[in-house]
Amino acid sequence: MSIERVGVVGCGLMGAGIAEVCARAGLDVTVVESSDDAADAGRQRLTRSLTRAQERGKLGNAQEVLGRIAVGTEMAALHDRELVVEAIVENEAAKIELFKKLDEIVTTPGAILASNTSSIPIMKLAVATKRPSHVLGIHFFNPVPVLSLVELVPSLLTAPESTQRARAFVTDQLDKHPIESQDRAGFIVNALLIPFILSAIRMLESGFATADDIDAGLVRGAAHPQGPLALADLIGLDTTKAVAESLYEEFKEPLYAAPPLLSRMVDAGLLGRKTGRGFYSYDR
């Protein structure tokens, strides 16, 4: 029951990371992007990451791993996959539409359709297909090649066999550590993390303290590896806002509401590391 053929939809930061760890585990990986330009950018991202890993002595042969990854733009290339992981923009409507397409395209018996969503309820994606028993969340964390945690999120309709197979894939094939969450917006990590980040943004917005001092307080006073504002920049402020909105829609708790400062920064395109500027500035 091991999985040998993996598909990934999206080759941005998360999709490329998922494709990389699967290929490094010896699996055959097909990645689909929305355009030729996006596919080219994805190939370059994979090449840079694997080359760095080889230079640091963490990987024997980058070209050998790259040889296991095919990046293109045709969804039909996913037809024979045993597992397809969706890693596109954190937008509910876009994900639902994609799952409808995957349901028609992926014909391997028993194939699992998984989402890397960080907040959207899996049930909404599962019922868009004719195989909800084979749909679940497999949520990786950034940077995927480095962080070992994976959240498994079955919906009420996910078959226990699908969850067990996904757990074996994560544990035995990818050598990562799975935790299992009920199908609630934000799952385990983001349901705890996002209110913490939003609280730091409100503190900055109110003039209570500077970004540097807020982050230093958590790094030097609470032994966090990085402060909440730097972490928001790493996650992406657009993703942070999208997760907050999903949490607020589900629970209607004020602590999940996106602060005005976060909304304005997203409107301005100040999204963090990926744009070169968020709460801090970065070289690109």
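1. With respect to the pairing of strand β6 (residues 135-140)
Line of reasoning, step 1. Of all 6 residues in β6, 6 are buried; the element is thus mostly enclosed.
Line of reasoning, step 2. Of the two faces of β6, the one carrying Val135, Gly137 and His139 and the one carrying Leu136, Ile138 and Phe140 are both buried.
Line of reasoning, step 3. In this sheet, β6 lies alongside strand β5 (residues 112-115) in parallel orientation, the contact comprising 3 bridges. Within β6, the position partnered with Leu113 by the bridge is Val135.
Line of reasoning, step 4. Sheet analysis places β6 next to strand β7 (residues 149-154), joined by 5 bridges and oriented antiparallel. In the strand pairing of β7, Leu136 is matched with Pro154.

2. Side note on helix α11 (residues 260-267)
Line of reasoning, step 1. Every buried residue of α11 is listed here: Leu262, Ser263 and Met265. Relative to the axis of α11, the buried residues are bounded by an arc of 165° and lie together on one face. The outward face of α11, more than 90 degrees from its buried face, is lined by the exposed residues Arg264 and Asp267.
Line of reasoning, step 2. Looking at the buried side of α11, the elements it contacts are α7 (189-205) and α10 (237-251).

3. Focus on the side chain of His139
Line of reasoning, step 1. Locating His139 in the fold gives a position in strand β6.
Line of reasoning, step 2. Beyond its immediate stretch of four places on either side in the chain, His139 contacts Ser115, Asn116, Thr117, Ser118, Leu149, Val150, Glu151, Phe187 and Asn190.

4. Observations regarding the packing of helix α8 (residues 211-222) against helix α9 (residues 228-235)
Line of reasoning, step 1. Where α8 meets α9, the closest approach of the two axes is 7 Å, and the angle between their N-to-C directions is 100°. Here α9 runs roughly perpendicular to α8, going by the angle between their axes. Contacts between α8 and α9 involve Ala211, Ile214, Asp215 and Leu218 from the first element and Pro228, Leu229 and Ala230 from the second.
Line of reasoning, step 2. Among the residues forming the contact of α8 with α9, the class breakdown is 6 nonpolar, no polar and 1 charged.

5. Things to note about the nonpolar core
For soluble globular proteins, nonpolar side chains are generally found buried alongside one another.
Line of reasoning, step 1. Core analysis: the largest hydrophobic core is formed by 39 residues, its most contacted members being Ile138 and Phe169.
Line of reasoning, step 2. Here this core takes 7 residues from helix α1 (residues 13-24), the largest share from any one element.
Line of reasoning, step 3. When neighbours within four sequence positions are excluded, Ile138 is seen to be in contact with Leu83, Ala114, Ser115, Asn116, Val150, Glu151, Leu152, Ala166 and Val170.
Line of reasoning, step 4. One finds Leu231, Val243, Met265 and Phe279 within the second-largest nonpolar core, a separate group that totals 20 residues.

Reading the values: rules and limits
- Residues numbered from 1 in each chain as written.
- Predicted model: local features only at pLDDT ≥ 70, side-chain atom pairs only at ≥ 80, totals over all residues.
- Heavy atoms only, no water.
- Buried < 20%, exposed > 50% of the residue type's maximum accessible area, 1.4 Å probe, protein only.
- Helix = DSSP H or I, 4+ residues; strand = E, 2+ residues; numbered from the N terminus.
- Pairing = 2+ DSSP bridges.
- Arc of directions from axis to C-beta.
- Contact = heavy atoms within 4.5 Å.
- Axes fitted to C-alpha atoms, helices over the stretch in contact; angles between N-to-C directions.
- Parallel < 35°, antiparallel > 145°, perpendicular 65-115°, else oblique.
- Nonpolar A, V, L, I, M, F, W, Y, C, P; charged D, E, K, R; others polar.
- Core = buried A, V, L, I, M, F, W, Y, C linked by side-chain atoms within 4.5 Å.

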